[in-house]
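Listed below are the residues making up each chain.
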Amino acid sequence: MTAHHTNTAHTTLVEEVAGVVENVPGVAFLRPALADRMRSALARQAPRTGRDRSAGVRMVRPDGRESWHVEIHVVVDRRIRALDVARAVRADVVGHLSALAPEQPAAQVTVTVTGRV
């Protein structure tokens, strides 16, 4: 029961971070997961009920007391410098996680720009 609760809390947190990332000006979308890429190549038998917003966000906490290690993969708008978008994403995610748990050490956030559209 506790493991399910932890997974649900983790999933919710990842979804929140994905929402923060998607609201940063210049972010076109989070990198699609491999399953999403494969799905577009295959014929669909049933329509998908929703997309996985968190495909481009990976969060781990090696030790329950350490800071979060967050990896974010985004595709950016080509009209805006990718470096500026990456910096803004990092700052917003660090700010969001710090606001949720100010007593915790600052999150270690890595932003990778995987494409431009």
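Values in this document were obtained by computation on a predicted structure and should not be read as measured data.

Trainee: Describe the overall build of the protein chain, and please don't skip the residues or the numbers.
Mentor: Across its full length, the protein chain carries 3 helices and 4 strands. Starting at the N terminus and ending at the C terminus, the protein chain contains elements arranged as α-β-α-β-β-α-β. By residue count, 31% of the 117 residues in the protein chain fall in the buried class. Residue pairs at least 24 apart in sequence account for 73% of intrachain contacts in the protein chain once pairs closer than 6 positions are excluded. Carbon and sulfur atoms form 54% of the exposed surface of the protein chain, whose accessible area is close to 7,700 Å².

Trainee: Break down the pattern of salt bridges for me, with residues and values.
Mentor: Tallied over the entire structure, the rule returns 3 salt bridges. Salt-bridge contacts for Glu-71 lead to Arg-58; the nearest nitrogen and oxygen are separated by 3.1 Å. Linking Glu-71 in strand β3 (residues 69–76) with Arg-58 in strand β2 (residues 57–60), this pair joins segments that are 13 residues apart in sequence. Relative accessible area serves as the criterion here: at 34%, Glu-71 is assigned to the partly exposed category. Here Asp-84 makes a salt bridge to Arg-81, at a shortest N to O gap of 3.0 Å.

Trainee: Outline the confidence of the model for the protein chain, listing residues and values.
Mentor: Counting all residues, the mean pLDDT for the protein chain is 83, and 77% of those residues have values of 70 or more. Put simply, helix α2 (residues 34–41) is where the protein chain has its lowest mean pLDDT, 49, and helix α3 (residues 82–100) is where it has its highest, 97. In this model residues 43–49 is a low-confidence stretch, pLDDT under 50, and it forms 3 contacts with partners more than four residues away in sequence or in other chains.

Trainee: How would you summarise the nonpolar core if you had to cite specific residues and measurements?
Mentor: If you look at the biggest cluster of nonpolar residues, it comprises 25 residues, and the most contacted ones within it are Val-21, Met-59, Val-70, Ile-72, Val-89 and Val-93. Of all elements in the fold, only α1 (2–22), β1 (27–30), β2, β3, α3 and β4 (108–116) reach the threshold of two or more residues within this core.

Trainee: An account of the pairing of β2 is requested, with residue identities and associated values reported.
Mentor: Looking along a regular strand, one sees the side chains alternate between the two faces of the sheet. The side-chain alternation of β2 yields one buried face, formed by Val-57 and Met-59, and one unburied face, formed by Arg-58 and Val-60. With 4 bridges joining them, β2 and β3 adopt antiparallel strand pairing. Counterpart to Met-59 in the pairing with β3 is Val-70.

Trainee: Break down the pairing of β3 for me, citing the residues and quoting the values.
Mentor: By the criterion of burial, β3 is predominantly enclosed, with 6 of the 8 residues buried. Across 3 bridges, the pairing between β1 and β3 is antiparallel. Note that in β3 the partner of Leu-30 across the bridge is Val-74. With 8 bridges connecting them, β3 and β4 associate as parallel partners. Pairing of Val-75 across the sheet is with Gly-115, part of β4. Read as a crossover between parallel neighbours, the route from β3 over α3 to β4 is right-handed.

How each quantity is defined
- Residues numbered from 1 in each chain as written.
- Predicted model: local features only at pLDDT ≥ 70, side-chain atom pairs only at ≥ 80, totals over all residues.
- Heavy atoms only, no water.
- Helix = DSSP H or I, 4+ residues; strand = E, 2+ residues; numbered from the N terminus.
- Buried < 20%, exposed > 50% of the residue type's maximum accessible area, 1.4 Å probe, protein only.
- Contact = heavy atoms within 4.5 Å.
- Areas by Shrake-Rupley, 256 points an atom, 1.4 Å probe, with all protein chains shown as cover.
- Salt bridge = Lys/Arg side-chain N within 4 Å of Asp/Glu carboxyl O.
- pLDDT = per-residue confidence, 0-100.
- Core = buried A, V, L, I, M, F, W, Y, C linked by side-chain atoms within 4.5 Å.
- Pairing = 2+ DSSP bridges.
- Right-handed = clockwise from strand over helix to strand, strands pointing away.

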